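# Coordinates in review
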There are 2 protein chains.
Amino acid sequence: MKKYRLLSPGPTPVPEKVLLKMSEVMIHHRTNEFQKVLREVHSKLKKVFCTENPVVIMASSGTGAMEASIVNFLSKADKALIIRGGKFGERFGEICEKYGVATVNYDVVSGECADPLAVADYLKRDPSIKAVFSTLCETSTGVVNDIKAIGKAVRDTKAILVVDAISGLAADELLQDEWGVDLVVAGSQKGLMLPPGLSFLSVSKKAESLMKASDLPKYYFDITKALKAHGKDDTPWTPAVSLIKGLDLVLDTILSEGMHALIARHARLANITREAMKSLGLEIFSKRPSNAVTAVKVPQNVDGTKLVNKMQDEQALTIAGGQEELKGKIFRVAHLGYMDDYDIISAVAGLEIVLKELGYNLTLGKGVGRAQELLSK
Amino acid sequence: MKKYRLLSPGPTPVPEKVLLKMSEVMIHHRTNEFQKVLREVHSKLKKVFCTENPVVIMASSGTGAMEASIVNFLSKADKALIIRGGKFGERFGEICEKYGVATVNYDVVSGECADPLAVADYLKRDPSIKAVFSTLCETSTGVVNDIKAIGKAVRDTKAILVVDAISGLAADELLQDEWGVDLVVAGSQKGLMLPPGLSFLSVSKKAESLMKASDLPKYYFDITKALKAHGKDDTPWTPAVSLIKGLDLVLDTILSEGMHALIARHARLANITREAMKSLGLEIFSKRPSNAVTAVKVPQNVDGTKLVNKMQDEQALTIAGGQEELKGKIFRVAHLGYMDDYDIISAVAGLEIVLKELGYNLTLGKGVGRAQELLSK
């Protein structure tokens with residue numbers, strides 16, 4: 001008998017009561033009962049997204065909402081600035097390319113965060129840039145960008161700021177309205193503690209004005225349609241009813257903890273994870289680490305792929321490896337969503353065991369001890 | 001205390017064991033465990049779709065798969081024949097229009113089915129038509145099209161045949177390979193007895209050859225990517241894990257009943273519903289009625305909207321009204337998916353009560369009696 005512990009940056013564990021909520025009898029989506037659920041969810045989402053803007057819910061993975069953030073707000077002749085600090089930043093550029101939107105790439109060194117001054121400079125040099133695309137937490141490197149400062153660089157220009165908060169939302173602070181973020185992209189299977197299958201897009205008034213001019217083709221991801229339906233607490237297409245019922249409950253959980261406490265819990269668990277790793281002589285890969293996921297360099301002479309596989313297959317602890325050029329070079333431990341102190345203890349304990357088995361020199365319990373020290377403070 | 005009975009053409013009731021399956025602990029999608037689920041599901045889907053072609057699973061509503069069936073296989077200069085017999089036939093045309101694909105509309109009288117000879121004629125007159133779009137069951141009118149005959153008209157031309165089987169799959173017979181259907185679009189919340197959130201697209205070799213030439217933009221719905229991942233029992237984006245685990249179980253249920261018995265059960269329940277309605281003096285709207293849903297004309301002097309609302313609010317029996325120009329003129333009772341004899345008895349009994357309350361002259365029990373007669377045969 002082994003319990004399955006999900007320590008990956010998505011999907012994250014789903015609270016038991018939410019799993020059961022989603023197993024309630026199926027109801028029809030065009031009923032007063034479901035409209036009431038949507039009304040609740042629409043109102044609670046604004047609080048979690050820290051915005052007065054509407055937050056549209058779609059049935060898709062987060063990538064669908066990324067596509068929606070491009071095809072609804074840009075046109076063929078437009079130019080976009082893409083902050084590329086990893087796989088997910090790059091994805092914005094790939095989508096632009098497919099739709100014939102010109103891109104200017106701001107390539108950030110892997111493991112580092114974007115420089116807000118550089119963003120301001122790009123915009124100054126090329127005022128034709130219509131949108132700036134950034135990640136909040138770049139899941140592939142565990143870096144959190146300084147969206148507050150990037151927002152300052154963008155807000156007084158004509159460009160909109162689009163933030164992929166898929167893995168960062170509800171873990172790293174993101175004050176959409178205060179910071180001047182125009183579009184926030186999110187997914188269900190991260191900080192929102194749900195199964196994958198829902199994506200979100202929060203739309204500012206500034207973005208809405210670009211939307212009217214957009215000439216890129218879209219149908220399923222048509223945000224004009226989605227916003228119109230949103231205004232009536234409805235959806236343009238059949239919504240993922242069971243996931244949305246789960247969302248209603250999960251948002252209650254989040255809001256009863258409170259956004260401030262929620263972010264603080266993630267910051268604390270992230271800090272403890274980093275400190276425990278450092279106490280084992282390991283190096284943190286991310287220069288500006290996110291609260292959602294900790295990326296750690298695989299020590300020399302240890303096989304990074306084996307590390308992740310042994311954690312999965314032998315310890316039933318699911319962590320993530322590096323992607324693409326980081327494959328085998330880093331491992332990533334998430335502390336995202338439905339996570340508490342003893343999940344971190346388990347993660348560190350399991351990592352110690354597996355690292356030792358793979359020949360890394362450490363004293364079992366050292367990292368755990370460091371985590372305990374910080375947890376008991 | 002009232003039990004909620006879902007008699008709408010989607011979402012349909014989800015079997016209790018499937019609801020519980022989807023409430024299992026969340027697992028990661030890039031694991032051997034989940035890959036095994038995908039392998040199983042990919043193999044079972046072929047049996048349910050009656051095809052040797054790959055059936056791709058997407059996280060979206062059925063409309064997303066409809067869009068995928070256009071943007072991956074057509075190009076801007078192409079022309080499509082759209083069989084429009086209702087709201088869902090029309091949707092194919094709307095999507096084509098958004099992407100700049102020229103359409104030829106074959107408008108079928110509402111409540112009637114498409115004439116396969118007319119389809120052949122359209123193709124003969126205009127050999128530049130690249131694709132023919134039809135619904136299997138046109139949910140808005142309860143009509144099932146003769147896809148076998150339409151397939152004969154299309155298969156020896158250069159055009160591909162695209163069938164929206166969203167509400168018809170696993171209720172009305174659809175032998176994809178035998179009948180020469182190239183793309184089959186489906187959704188989870190109909191005959192597949194799951195919550196909404198998954199869509200499906202089954203792709204023939206003939207369609208794959210058009211795919212290579214397609215110049216329409218796509219990213220999330222890129223079927224080239226999806227087929228490549230499918231070949232490795234993977235998905236290009238994070239899949240809706242819990243729904244797919246439910247799918248695995250539901251496909252077992254379907255295949256253990258057997259496709260022949262499954263279609264026969266739907267045909268039987270549909271026939272009984274129609275006969276019960278007729279015994280009450282009501283008229284069936286559909287000239288070629290589907291096994292999935294029965295559309296019935298609202299009798300004179302009865303308020304069709306009130307009928308649907310009273311069924312919902314007072315009887316907890318969810319049926320559907322007419323859409324758009326059929327609003328108030330028809331009501332639709334589904335017998336789709338997880339449905340048995342006593343669901344039909346309940347539907348007929350509830351309809352009798354509400355019709356009588358709305359002033360329609362009938363003897364309570366007459367329709368139920370007719371249903372019993374046929375059920376006991």
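Fair warning: this is a prediction, and the values are worked out from it, not measured in the lab.

### A few points about the overall build of chain A
Tallying secondary structure elements over chain A gives 14 helices and 14 strands in all. Relative to the globule expectation of 21 Å for 377 residues, the C-alpha radius of gyration of chain A, 21 Å, shows essentially globular dimensions. Dimensions of chain A along its principal axes, counting C-alpha atoms only, are 60 × 55 × 35 Å. Taking all 377 residues of chain A together, 57% fall into the buried category. For chain A, long-range pairs separated by at least 24 residues make up 72% of all intrachain contacts whose partners lie at least 6 apart in sequence.

### So, the nonpolar core
Ranked by size, the top nonpolar core spans 256 residues in total, and within it Val132(A), Val163(A), Leu183(A), Val185(A), Val132(B), Val163(B) and Val185(B) carry the most contacts. With sequence-adjacent residues up to four places away left out, Val132(B) is seen in contact with Leu81(B), Val119(B), Val154(B), Ala159(B), Leu161(B) and Val162(B).

### Observations regarding the relation of the copies chain B and chain A
Both copies of the chain are related by one operation, a rotation about an axis with a shift along it. Mapping chain B onto chain A is achieved by rotating through 180° and translating by 0.0 Å along the same axis, at an RMSD of 0.0 Å. On this basis, the relationship between the two copies can be described by a two-fold rotation axis. No C-alpha of chain B lies nearer the rotation axis than that of Ser60(B), which sits 2.5 Å from it. In this assembly the copies share their binding face: 100% of the residues contributing to the interface of chain B also contribute to that of chain A.

### Quick look at the environment of Gly365(B)
Following the sequence through the fold, Gly365(B) ends up in the loop between helix H13 (341–357) and helix H14 (366–375). It is 29 Å that separates the C-alpha atoms of Gly365(B) and Asp172(B), two residues lying 193 residues apart in sequence.

### Section: the packing of helix H3 (residues 62–71) of chain B against helix H4 (residues 87–98) of chain B
Residue and element names in this part refer to chain B. Interhelical geometry of H3 versus H4 gives an angle of 55° and a closest axis separation of 10 Å. Our classification of the angle between H3 and H4 gives oblique. Regarding H3 and H4, the two cross each other, and that crossing is right-handed. Note on element contacts: H4 touches H3 through Arg-91, Phe-92, Ile-95 and Cys-96, opposite Thr-63, Met-66, Glu-67 and Ile-70. Taken together, the residues that form the contact of H3 with H4 break down as 5 nonpolar, 1 polar and 2 charged.

### Looking at the sheet that holds strand S10 (residues 198–203) of chain A
Residues and elements named next belong to chain A. The sheet built from 7 strands is open, its strands ordered S2-S10-S9-S8-S5-S3-S4 with mixed pairing. A strand with exactly one partner marks an edge of an open sheet, and here the two such strands are strand S2 (55–59) and strand S4 (102–107). Pairs of neighbouring strands in the sheet enclose a mean axial angle of 20°, with direction left out of account. Judged from the 4 bridges that link them, strand S3 (residues 79–84) and strand S5 (residues 129–135) form a sheet pairing that is parallel.

### Some words on the domain arrangement of chain A
Residue and element names in this part refer to chain A. Domain boundaries in chain A define domain 1 (5–10 + 258–375) and domain 2 (16–257). On the domain 2 side, the residues contacting the 26 residues of domain 1 number 26 residues. With 5 residues, helix H11 (residues 259–279) is the single largest residue contributor to the side of domain 1 that touches domain 2. A per-class count over the side of domain 1 that touches domain 2 returns 13 nonpolar, 9 polar and 4 charged.

### Remarks on the pairing of strand S5 (residues 129–135) of chain B
Residues and elements named next belong to chain B. Counting buried positions over the 7 residues of S5 gives 7, a clear majority of the element. In the sheet, S5 pairs with strand S8 (residues 160–164) via 5 bridges, with the strands oriented parallel. Bridging from a neighbouring strand, Val-132 pairs with Leu-161 of S8.

### Some points on the interface of chain B and chain A
Across the boundary between the two partners, chain B contributes 43 residues, which contact 43 residues of chain A. Elements with a contribution of two residues or more to the side of chain B that touches chain A: helix H1 (16–21), H3, H4 and helix H10 (241–257) of chain B. Class assignment for the residues of the side of chain B that touches chain A results in 24 nonpolar, 16 polar and 3 charged.

### A short note on the sheet that holds strand S13 (residues 320–321) of chain A
Residue and element names in this part refer to chain A. The strand order across the open sheet built from 3 strands is S11-S14-S13, with neighbouring strands paired in antiparallel fashion. One side of each edge strand has no neighbouring strand; the edge strands of this open sheet are strand S11 (293–297) and S13. Two elements, S11 and strand S14 (residues 330–334), share 5 bridges in a ladder whose sense is antiparallel. Residue pairing across strands places Val-296 opposite Phe-331, the latter belonging to S14.

### Topic: the packing of H13(B) against H14(B)
Residue and element names in this part refer to chain B. The N-to-C vectors of H13 and H14 enclose an angle of 165°; their axes lie 9 Å apart at closest approach. It follows from the interaxial angle that H13 and H14 lie roughly antiparallel. Classified by chirality, the crossing of H14 by H13 is right-handed. In this structure, H13 uses Asp-341, Ile-344, Ile-345, Val-348, Ala-349 and Glu-352 to contact H14, whose residues at the interface are Gly-367, Val-368, Ala-371 and Leu-375. Residues of the contact of H13 with H14, tallied by class, amount to 7 nonpolar, 1 polar and 2 charged.

### Re H11(A)
All names here are of chain A. Spanning 21 residues, H11 covers 30 Å between terminal C-alpha atoms, matching the ideal 30 Å at 1.5 Å per step. Listing the buried residues of H11 in full gives Leu-262, His-266, Leu-269, Ala-270, Ile-272, Thr-273, Arg-274, Ala-276 and Met-277. Residue Gly-281 follows H11 closely and has a positive phi angle near 85°.

### Quick look at unusual backbone geometry
Looking along the chain, the bond that leaves Gly10(A) and enters Pro11(A) is cis, with omega of -5°. Structurally, Pro11(A) is set in the loop between strand S1 (5–6) and helix H1 (16–21). You will see that Met193(B), though not glycine, has its phi angle at about 60°, which is positive. Structurally, Met193(B) can be placed in the loop between strand S9 (183–187) and strand S10 (198–203). On the neighbour-count criterion, Met193(B) (26 C-beta atoms within 10 Å) is buried.

### Let's talk about the environment of Leu174(A)
Residues and elements named next belong to chain A. As for its position among the elements, Leu-174 is in the loop between strand S8 (160–164) and helix H7 (176–179). Expressed as a C-alpha distance, the spacing of Leu-174 and Val-48, which sit 126 residues apart in the sequence, is 9.3 Å. Those residues within four positions of Leu-174 in sequence are excluded, and the remaining contacts are Cys-50, Leu-136, Ile-147, Val-163, Ala-165, Gly-168, Leu-169 and Val-184.

### Focus on the confidence of the model for chain A
In this model, chain A carries an average pLDDT of 97, and 100% of its residues clear a pLDDT of 70 or more. Across the whole predicted complex the pTM is 0.97, and at the interface the ipTM reaches 0.97.

### Notes on the environment of Asp303(A)
All names here are of chain A. Within the secondary structure, Asp-303 is located in the loop between S11 and helix H12 (304–315). A residue is classified by how many C-beta atoms lie within 10 Å of it, and Asp-303, with 13 of them, is partly exposed. Considered as a pair, Asp-303 and Met-22 are 281 residues apart in the sequence and their alpha carbons are 40 Å apart.

Basis of the calculations
- Along each chain, numbering runs from 1 in the same order as the chain's sequence is written.
- Chain letters and ligand numbers both follow the written order, the letters beginning at A and the numbers at 1.
- Totals for whole chains, interfaces and linings use every residue, but because this is a predicted model, local features are given only for residues with pLDDT of at least 70 and side-chain atom pairs only at 80 or more, for both listing and counting.
- Strands are runs of DSSP state E lasting at least two residues, helices are runs of H or I lasting at least four, and both sets are numbered from the N terminus onward.
- Within these notes, the globule rule equals 2.2 Å times the number of residues to the 0.38 power, and the radius of gyration is based on C-alpha atoms.
- Once C-beta atoms are placed from the backbone, each residue is buried if 20 or more other C-beta atoms lie within 10 Å of its own, exposed if 12 or fewer, and partly exposed for counts between those two.
- Placing C-beta atoms from the backbone, we regard two residues as in contact once those atoms come within 7 Å.
- The term nonpolar core refers to a group of buried residues, namely Ala, Val, Leu, Ile, Met, Phe, Trp, Tyr and Cys, whose C-beta atoms join them within 7 Å.
- A residue counts toward the fit only if its pLDDT is at least 70 in both copies, and the copies are then superposed by least squares on the C-alpha atoms of those residues.
- Where helices are involved, their axes are fitted lines through C-alpha atoms of the stretch in contact, as for all axes, and angles between N-to-C directions lie from 0 to 180°.
- Note on terminology: angles under 35 degrees are roughly parallel, angles over 145 are roughly antiparallel, angles of 65 to 115 are roughly perpendicular, and the others are oblique.
- We call a crossing left-handed when the near helix sits turned anticlockwise from the far one by less than a right angle, and right-handed when that turn is clockwise.
- Residue classes follow a fixed rule: Ala, Val, Leu, Ile, Met, Phe, Trp, Tyr, Cys and Pro count as nonpolar, while Asp, Glu, Lys and Arg count as charged, and any other residue, Gly among them, counts as polar.
- By definition, two strands form a pair when at least two bridges between them are found by DSSP.
- Boundaries between domains were set according to an automatic or database domain assignment.
- To estimate the expected span of a helix, subtract one from its residue number and multiply by 1.5 Å.
- Residue-level confidence of the predictor, termed pLDDT, takes values from 0 up to 100.

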